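Chain by chain, the residues run as shown.
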Amino acid sequence: MVVEHDFDDPHSELTVTVVDAVSKAVGVSPADIVPRVNDHVDPDALDRIFRPRPDESGREGRLIFELVNCLVEITGDGTVRVYNT
């Protein structure tokens, strides 16, 4: 599953995008995923790492971690890929 995070929405958090994508990939409620996020990644740090720079330019890089039997890959452009393992 591939989704794009909307960095233009100031109220949108990358962690929420990840939780939604994983919940859809495994077919469970986002509420079932949220308690497990902290076991794998710091949600505040995740949002800060990929937030656009003050000059609005994007970030580069990639982060990969496991969450609920999925491999989650996030790239600097806001692409979130979820692979079932």
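Quick caveat, the model's predicted, so the values are computed rather than measured.

Calculation notes
Residues numbered from 1 in each chain as written. Predicted model: local features only at pLDDT ≥ 70, side-chain atom pairs only at ≥ 80, totals over all residues. Heavy atoms only, no water. Helix = DSSP H or I, 4+ residues; strand = E, 2+ residues; numbered from the N terminus. Pairing = 2+ DSSP bridges. 1 Å grid on protein atoms, 1.4 Å probe; cavity = no way out; pocket = protein on both sides within 12 Å on 5 of 7 lines; lining within 4 Å. Points joined across faces, edges and corners; volume = space filled by probe spheres on them. Nonpolar A, V, L, I, M, F, W, Y, C, P; charged D, E, K, R; others polar. Expected span 1.5 Å × (residues − 1). Buried < 20%, exposed > 50% of the residue type's maximum accessible area, 1.4 Å probe, protein only. Contact = heavy atoms within 4.5 Å. Polar contact = N/O pair within 3.5 Å; in protein donor to acceptor, adjacent residues only side chain to side chain. Patch = residues over 30% accessible without salt bridge, like charges linked within 9 Å, V, L, I, M, F, W, Y side chains within 5 Å. Areas by Shrake-Rupley, 256 points an atom, 1.4 Å probe, with all protein chains shown as cover. Salt bridge = Lys/Arg side-chain N within 4 Å of Asp/Glu carboxyl O. Lys, Arg positive; Asp, Glu negative; His and termini not counted. Charge placed at Lys NZ, Arg CZ, Asp CG, Glu CD.

Peer 1: Explain unusual backbone geometry here, please?
Peer 2: Note: most residues except glycine have negative phi, and most peptide bonds are trans. Its identity as a non-glycine residue notwithstanding, Val68 has a phi of 50°, on the positive side. Summarising the element assignment, Val68 is placed in the loop between strand 2 (62-67) and strand 3 (70-75).

Peer 1: Hey, could you run me through the pairing of strand 2 in this one?
Peer 2: On a regular strand, each side chain points to the face opposite its neighbour's, so the side chains alternate between the two faces of the sheet. Two strands pair when backbone bridges link them, and strand 2 and strand 3 are joined in this way by 6 bridges, in the antiparallel orientation. Counterpart to Leu67 in the pairing with strand 3 is Cys70. Between strand 2 and strand 3, which pair antiparallel and follow one another directly, the connecting turn spans 2 residues, one of which, Val68, has a positive phi of 50°.

Peer 1: Explain the layout of surface pockets to me, please; I cannot follow it from the model alone.
Peer 2: The gaps of empty space that remain are located by a probe, the size of a water molecule, rolled over the atoms. Within this model, the largest pocket holds a volume of roughly 160 Å³. His5, Phe7, Asp9, Pro10, Ser12, Glu13, Leu14, Asp47, Arg51 and Pro52 together form the lining of the largest pocket. Here the residues of the lining of the largest pocket sort into 4 nonpolar, 2 polar and 4 charged.

Peer 1: What's the story with helix 1 (residues 14-26) in this structure? I'm lost.
Peer 2: Given 3.6 residues per turn, any residue in an α-helix points the same way as the ones three and four places further on. Here helix 1 spans 19 Å end to end across 13 residues, near enough to the 18 Å set by a 1.5 Å rise per residue. Taken together, the buried positions of helix 1 are Leu14, Thr15, Thr17, Val18, Val19, Ala21, Val22 and Ser23. Here the buried face of helix 1 lies against strand 1 (2-4), helix 2 (30-37), helix 3 (43-50), strand 2, strand 3 and strand 4 (79-84).

Peer 1: Is there a simple way to explain helix 3 in this structure?
Peer 2: Along helix 3, the residues that are buried comprise Pro43, Ala45, Leu46, Asp47 and Phe50. Along its buried surface, helix 3 packs onto helix 1, helix 2, strand 2 and strand 3. Between the side-chain oxygen at the start of helix 3 and the backbone nitrogen of Asp44 there is a gap of 2.9 Å, and the oxygen is on Asp42.

Peer 1: So what exactly am I meant to see when it comes to a negative patch on the surface here?
Peer 2: Together, Asp6, Asp8, Asp9, Asp55 and Glu56 line one region of the surface with negative charge. Note that Asp55 resides in the loop between helix 3 and strand 2.

Peer 1: Hey, could you run me through the side chain of Ser23 in this one?
Peer 2: Along the polypeptide, Ser23 turns up in helix 1. You can call Ser23 buried: its relative accessible area is 5%. For Ser23, the residues in contact, after removing those within four places along its chain, are Val28, Ser29, Pro30 and Ile33.

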